[in-house]
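Structural characterization, general
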Amino acid sequence: MEASGSELDKIHYLTLSMKLPAEGIDAAYPDEAACLARLREVRWPGGEVCPRCEHRGSVPLGERGTHQCEKCRHQFSLTSSTVLHKSRIGIRAWFRATELIIQHRARDGVDFDITTHQLREKMGWSYAGAYRVRGLIVGDIRRGGTGLLRACVCGGALELPPDIARNSFDHLGWLLEMKWAKLLS
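Some points on the overall build of the protein
Secondary structure assignment for the protein yields 8 helices and 3 strands. Along the chain direction, N to C, the helices and strands of the protein fall in the order α-α-α-β-β-β-α-α-α-α-α. When contacts within the protein are restricted to residue pairs at least 6 apart in sequence, those whose partners lie at least 24 apart make up 58%. Summed over its atoms, the accessible surface of the protein is roughly 10,600 Å², and 51% of this surface lies on carbon and sulfur atoms. Averaging the positions of the 26 positive and the 22 negative side-chain charges in the protein gives two centres separated by 8 Å.

Structural data, given as structure tokens:
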């Protein structure tokens, strides 16, 4: 029997939390360069792709990480056409905030989400900045969201046993059991 909407959300966020790096984002991606490398690996596994025409050939322009498409001559960067576009916040901070929101939702559920004030305090941002970033991250990581940040921070593997049906009550029970085992170890 398939779980209801709120139970599917719980399955989604428990799965994401189990796929977070065991050592945490700060240890897995110790600096901005490591975060940029991870973003590049997730977004462009086969090399740069123009966000306008999807052509796979580009020329690097200068030291800012900008590229120019060989086909349509559109200039773009690693963050172009993503939630990170034109952000003054570093990629590592986005990763850390994503981890916090996933952990909070897995622990407390979507109904008791991390508040903007809590995110602001933990990240050292202004209220307006925390509000904006929180909304963008929630849109990215939710079921059916774009998933770029989700894919960047949740890189671990989690295989569901073959005797458990996906999105069932047994699936939720198995995830809760796994989470408790992880917490107690």
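Side note on the nonpolar core
In terms of nonpolar packing, the biggest core is built from 46 residues, with Phe 95, Trp 125 and Ile 137 touching the most fellow members. Going through the elements one at a time, α1 (5–19), α3 (32–43), α4 (91–108), α5 (116–123), α6 (127–141), α7 (148–153) and α8 (169–184) are the ones with two or more residues in this core. Sorting elements by how many residues they give to this core places α4 first, with 8 residues. Residue contacts for Ile 137: discarding those within four places in its chain leaves Trp 94, Ala 97, Thr 98, Ile 101 and Leu 149.

Comments concerning the layout of surface pockets
Taken as a whole, the second largest pocket holds about 300 Å³ of empty space. Considering the residues around the second largest pocket, the lining is formed by 15 residues, among which Arg 64, Ser 77, Leu 78, Thr 79 and Leu 84 are closest to the centre. If one sorts the elements of the lining of the second largest pocket by residue count, α3 sits on top with 3 residues. When the residues that make up the lining of the second largest pocket are grouped by side-chain class, the tally is 5 nonpolar, 6 polar and 4 charged.

Thoughts on the side chain of Asp 113
With respect to the secondary-structure elements, Asp 113 resides in the loop between α4 and α5. A polar contact is formed between the side chain of Asp 113 and the side chain of Arg 105, at a distance of 2.7 Å. At a separation of 3.3 Å, a polar atom in the side chain of Asp 113 contacts the side chain of Arg 134. Excluding its chain neighbours within four sequence positions, the residues that come into contact with Asp 113 are Ile 101, His 104, Arg 105, Gln 118, Arg 134 and Val 138.

Quick word on the confidence of the model for the protein
Mean pLDDT over the protein works out to 91, with 97% of the residues at or above the 70 mark. Ranking the helices and strands of the protein by mean pLDDT puts α5 first, with 97, and α8 last, with 83.

Side note on unusual backbone geometry
One non-glycine residue, Lys 86, lies in positive phi territory at about 60°. Inspection of the secondary structure assignment puts Lys 86 in the loop between β3 (75–76) and α4.

Here's the deal with the packing of aromatic side chains
Enumeration over the complete set of coordinates arrives at 3 aromatic pairs. Taking the centre distance of 6.5 Å and the plane angle of 20° together, the rings of Tyr 127 and Tyr 131 count as stacked. Pair noted here: Tyr 127 and Tyr 131 are both in helix α6, with a separation of 4 residues, about one helical turn. On the basis of relative accessibility, which here comes to 53%, the residue Tyr 131 falls in the exposed class.

Calculation rules
Residues numbered from 1 in each chain as written. Predicted model: local features only at pLDDT ≥ 70, side-chain atom pairs only at ≥ 80, totals over all residues. Heavy atoms only, no water. Helix = DSSP H or I, 4+ residues; strand = E, 2+ residues; numbered from the N terminus. Contact = heavy atoms within 4.5 Å. Areas by Shrake-Rupley, 256 points an atom, 1.4 Å probe, with all protein chains shown as cover. Lys, Arg positive; Asp, Glu negative; His and termini not counted. Charge placed at Lys NZ, Arg CZ, Asp CG, Glu CD. Core = buried A, V, L, I, M, F, W, Y, C linked by side-chain atoms within 4.5 Å. Buried < 20%, exposed > 50% of the residue type's maximum accessible area, 1.4 Å probe, protein only. 1 Å grid on protein atoms, 1.4 Å probe; cavity = no way out; pocket = protein on both sides within 12 Å on 5 of 7 lines; lining within 4 Å. Points joined across faces, edges and corners; volume = space filled by probe spheres on them. Nonpolar A, V, L, I, M, F, W, Y, C, P; charged D, E, K, R; others polar. Polar contact = N/O pair within 3.5 Å; in protein donor to acceptor, adjacent residues only side chain to side chain. pLDDT = per-residue confidence, 0-100. Phe/Tyr/Trp six-rings, centres within 6.5 Å; stacked < 30°, edge-to-face > 60°.

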